[in-house]
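# Remarks on the overall topology
Residues per chain, in single letters:
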Amino acid sequence: VQLVESGGGLVQPGDSLRLSCAASGFTFKTNAMRWYRQAPGKERELVATITGAGGNTNYADSVKGRFTISRDNAKNTVYLQMNSLKPEDTAMYYCYTWVRFRDYWGQGTQVTVSS
């Protein structure tokens, strides 16, 4: 199982970014996927979840209405569209899934929101 995130960067408050997570090594279309984030000195936080078919999504209250998780099962990729970014969104963002009762994480992509 491999998860590779991309799309992070340095942006200003109010800007948008789209993160991508390319997955391989398992049957992607049947697996729920998650995005987590971790800011320096803070615990890792669940940001968003999407079911295998993409029909159901859930979000942390802190990002509801600003972030959208989606997936393209033909490309084995999950996305996190982040709009109206705030300085408090600054964190390392990780893609996550579980396969046969094991947890798998990507290496993370840094998002920094600063003026």
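These figures come from a predicted structure and were not determined experimentally.

### Structural notes on unusual backbone geometry
The backbone of N76 shows a phi angle near 50 degrees, a positive value even though the residue is not glycine. As for its position among the elements, N76 is in the loop between β7 (67-72) and β8 (77-82). The phi angle at R100 is positive, at roughly 50 degrees, despite the residue not being glycine. As for its position among the elements, R100 is in the loop between β9 (91-99) and β10 (102-105).

### Examining the side chain of R66
As for its position among the elements, R66 is in the loop between β6 (57-59) and β7. Separated by 2.7 Å, the side chains of R66 and D89 make a polar contact.

Calculation notes
Residues numbered from 1 in each chain as written. Predicted model: local features only at pLDDT ≥ 70, side-chain atom pairs only at ≥ 80, totals over all residues. Heavy atoms only, no water. Helix = DSSP H or I, 4+ residues; strand = E, 2+ residues; numbered from the N terminus. Polar contact = N/O pair within 3.5 Å; in protein donor to acceptor, adjacent residues only side chain to side chain.

Coordinates in, geometry out; function isn't part of it.
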